[in-house]
Amino acid sequence: MQKYRNGSCLLMSLILAFSLVLTAFANSSWVWLTDARPFYILPVAVLLTIGIETLMISKQIEEGRIFKIIFFVLFANLISFLIPYLLEYNQAKMIVDTFEQYLNKGPTYMIGFFYLLLTLISEVPIVYNALKKNAKDTSKLFKIVAISNIITTIAVAVLERVFCRGRW
């Protein structure tokens, strides 16, 4: 029985030791080191995204459908850009009163792995289903829509991290 007690004490000590090294940001404040915020570079990100995605997708669609491509790429991007901000703001309502306070209060980096998944789940089906009737090759269109979204998501993530810096 004694050897089990020693093992239990050792296990509890290890758990306690590893749990105490976790960083806590309680009662600390996020400070932006740059004037730019991710929300402020959003127009540039949107233009870059729309341009790249439209260009890549247009190669897989019949001639004369550019306005249809732009419309659905714009619509899908509107959804994928708005949803993360709305979800984050809804969670932050406990500590902020206005959307502007939310943008300045903490690290609102929108582009990460969750955003990439959200983009692929929301944008790819919208754009693909809207344009597949006009596609030269539907399987290639699906791949191009997904790849263009991955490329633009990574590009926007890099933009955010280059122009918007902060720390706790």
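As a starting point, this report considers the structure included with it. (Residues numbered from 1 in each chain as written. Predicted model: local features only at pLDDT ≥ 70, side-chain atom pairs only at ≥ 80, totals over all residues. Heavy atoms only, no water.)

### Section: the overall build of the protein chain
Working step 1: Within the protein chain one finds six helices and two strands.
Working step 2: The secondary structure elements of the protein chain, listed N-terminal to C-terminal, are α-β-α-α-α-α-α-β.
Working step 3: Within the protein chain, buried positions represent 35% of all 168 residues.
Working step 4: In the structure as shown, the protein chain presents an accessible area of about 11000 Å², 68% of it carried by carbon and sulfur atoms. (Helix = DSSP H or I, 4+ residues; strand = E, 2+ residues; numbered from the N terminus. Buried < 20%, exposed > 50% of the residue type's maximum accessible area, 1.4 Å probe, protein only. Areas by Shrake-Rupley, 256 points an atom, 1.4 Å probe, with all protein chains shown as cover.)

### A look at the pattern of salt bridges
Working step 1: Taken as a whole and judged by the stated rule, the model has one salt bridge.
Working step 2: Note that arginine 161 and glutamate 160 form a salt bridge whose closest N and O atoms lie 3.5 Å from each other.
Working step 3: With relative accessibility at 40%, the residue arginine 161 sits in the partly exposed group.
Working step 4: Accessibility expressed as a relative area gives 3% for glutamate 160, which makes it buried. (Salt bridge = Lys/Arg side-chain N within 4 Å of Asp/Glu carboxyl O.)

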